[in-house]
Amino acid sequence: MTKLAFHIDVTRPAERQVHIRATWSAPSAERVEFFLPTWTPGSYLLREYARHVSRVCAYEQGTNRPLACVKVAKNRWSVEAAAGGIELRYRVYTHELTVRTADVDAHHAYWNHACLLLWPRGHRDAEAELVVDYPSEWTLSCSLRGEESSTERHRRSTLRAAGLDEALDAPVLIGLTRRLEWQVDGVDHAIDLDGLASVSPPPTLTEDLAAIVRAAKGVFDDELPYERYVFQALFSGEGYGGLEHRDSSTLLMPRTSLTTPTGYRDFLGLAAHELFHAWNVKRMRPAEFWEYDYEAENYTRLLWLIEGWTAYYDDVLVTRAGRMTHADYCATMAKNIQNMRAAPGRLELSLEESSFDAWIRLYRPDEDTRNSSQNYYGNGAVAAMCLDLGIRRATGGERSLDHVLRALWQQTFEQGRGYRLEDVHRAVTDIAGAGLVEELVGLVAGSLDPELDDWLRDVGLCLEARDAGKPFLGLALKAGTTRVASVTRGGPACRGGVAPDDELLAFEDLRVSNSTWQTVLTSVASVGEPLAVLVARRGVIRRVEVTPLAGPGIARLVLDPTATAAQLRAREAWLGADS
Ligand SMILES: [Zn+2]
């Protein structure tokens, strides 16, 4: 019999809160502590969901006798012993539309159970029943198994989770959603679309997603790891994000992204990214993630593999699926290369170190982040591409990063264990030899400064720089303003004394705005010649002198029109036939 049950009342969604009754039917001779997670796997920051929980009261089950319930930590409640079992009643405020939180309003309800379920400590494997009541015109989407019923006043779904891990890995979406379904290899897939308003989904959506699913399974021995899969797609006016789960994922995008070719490609890239995680991190994962601690930071040095390799494969999969041309692929990879090169933090903090520091850095960027840290998503994707092209070169095109992932999957996940860095090295050695391990260590353990031109030549691509040589200051402005967002450490603006938060007023007494500053700079500045720059700092106008350097230009990745047949073959083996 299930000892743990939650009744989640969403019948008054306009209140922007849910009312919950949690019952723990085990008779207890001692106090029982209940806790709420402080973070959601996949998003590595303590988010302190307990701050939205209010009025936690405890009662003895059956007799309804009030029980002493004391808060003993920011996210824990201790309840006195009760022979008949414990019932908790509480409310959770739900007003944050991101993929990792909870958002309930008159038009939909979405939540991660990490925000809602007060779980008895020490009973991680307790089977739980989740009864959800919601408006009768809505439909519920969740990867947990369950059944539906309805009363005159509302609809009810009864879901079952085998334990805490399964419950936390299955967010719920309810609303006037639109469901599209398809199968790949007889396995059911669906996408639940929420918040589309008057936007219609592209007619090829299910076909495109099916092609991406086939491309993803192609990396892993052509087998799907789940029994069914659902994409929960939340659309809004703005916002962007994705979160992976074992048998589902949540995607958040502006609804207008479905209406333009580039926006739709981004949407497919996000879907491919989260789907790829069904293998990379939701199943095959580092030993330190094998059993999560939901109340503290879980450190790993391997997010360059978890997120970086996934960020590499997302666009590769969309391209292999024929939904992106080789030229489109080059354009998105060029952005990663540009971002990597423009931020000197890659020379300060390695990909391993930035993985370890995710909890204090990646989700808390500030004006110095680009100087002191690096992003293991985009930079991890560039590093993954170098490793992949390196393996292809070392094995004469016989093997690739796909084979490394397959080997790691077989040697660790299929053996029922998490992997360590040594396992990754072993998989690379088995597939491509020890020389490639050295290459990998060079990419992730120190400064990241790969010889990209060399690798890209193998697949008939040329790396160029647009606008190279123009006067360059090494600063960036905050969107829509003339306030300095960041300056590149050691760059001309930094050396001249321009600092973050300065308001940029004029170059050589010519007033600048957010939209004109670069044009004005090009008209009045010369490389190597001092430039008078007017800024406002702490309310005082100051004149500083900055000497521009010749800019490195913006990275462009182009298809080499003179590529040989061998280079074209290598490119096709990598990205699939050009569409
Ligand atoms: Zn990811």
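What counts as what
Residues numbered from 1 in each chain as written. Predicted model: local features only at pLDDT ≥ 70, side-chain atom pairs only at ≥ 80, totals over all residues. Heavy atoms only, no water. Helix = DSSP H or I, 4+ residues; strand = E, 2+ residues; numbered from the N terminus. Salt bridge = Lys/Arg side-chain N within 4 Å of Asp/Glu carboxyl O. Buried < 20%, exposed > 50% of the residue type's maximum accessible area, 1.4 Å probe, protein only. Axes fitted to C-alpha atoms, helices over the stretch in contact; angles between N-to-C directions. Parallel < 35°, antiparallel > 145°, perpendicular 65-115°, else oblique. Left-handed = near helix turned anticlockwise from the far one by under 90°. Contact = heavy atoms within 4.5 Å. Nonpolar A, V, L, I, M, F, W, Y, C, P; charged D, E, K, R; others polar. Donors = N, O, S within 2.8 Å, 3.2 Å for Na, K, Ca; no water.

A. How the structure looks around the environment of Asp-266. Following the sequence through the fold, Asp-266 ends up in helix α3 (residues 261-276). Separated by 261 residues in the primary sequence, Asp-266 and Ala-5 place their C-alpha atoms 39 Å from one another.

B. Spatial organisation of the pattern of salt bridges. With the rule as written, the count across this model stands at 44 salt bridges. Among the ionic pairs, Asp-9 bridges to Arg-12, the shortest N-O distance being 3.7 Å. A salt bridge links Asp-169 to Lys-282; its shortest N-O distance comes to 3.1 Å. Here the residue Asp-169 occupies a position in the loop between α1 (164-168) and β16 (172-175), and Lys-282 occupies one in the loop between α3 and α4 (303-320), the gap between them amounting to 113 residues. No difference in accessibility class separates Asp-169 from Lys-282, as the two residues are buried. Taken together, the shared-partner salt bridges connect Glu-33, Arg-76, Arg-121 and Glu-295 into one network.

C. Molecular detail of the packing of α3 against α4. Their axes nearest at 8 Å, the elements α3 and α4 cross at an angle of 130 degrees. By the angle between their axes, α3 is oblique relative to α4. With respect to the hand of their crossing, α3 and α4 are arranged in right-handed fashion. Seen from α3, the contacting residues are Leu-268, Gly-269, Ala-272, His-273 and Phe-276; seen from α4, they are Glu-307, Thr-310, Ala-311, Tyr-313, Asp-314, Asp-315, Leu-317 and Val-318. Considering only residue class, the contact of α3 with α4 consists of seven nonpolar, three polar and three charged.

D. Spatial organisation of the packing of α4 against helix α9 (residues 401-411). With their axes 12 Å apart at the nearest point, α4 and α9 run at an angle of 125 degrees to one another. Considering their axes alone, α4 and α9 lie oblique with respect to each other. Here the hand of the crossing between α4 and α9 comes out left-handed. From α4, Leu-305, Trp-309, Tyr-312, Tyr-313 and Arg-320 reach across to α9, where they touch Leu-401, Asp-402, Val-404, Leu-405 and Leu-408. Residues that form the contact of α4 with α9 fall into these classes: eight nonpolar, no polar and two charged.

E. Highlighting the coordination of the zinc ion. Every protein donor of the zinc ion is listed here as His-273 (NE2), His-277 (NE2) and Glu-307 (OE), and their distances to the metal cover 2.0 to 2.1 Å. Every donor residue of the zinc ion comes from the same chain, spaced as H-x3-H-x29-E. Note that His-273 is positioned in helix α3 and Glu-307 in helix α4, a separation of 34 residues in sequence. Grouping residues by exposure puts His-273 and Glu-307 together as buried.

F. Examining unusual backbone geometry more closely. A positive phi angle is found at Arg-16, which is not glycine, with a value near 60 degrees. Assignment of secondary structure puts Arg-16 in the loop between β1 (4-9) and β2 (17-24).

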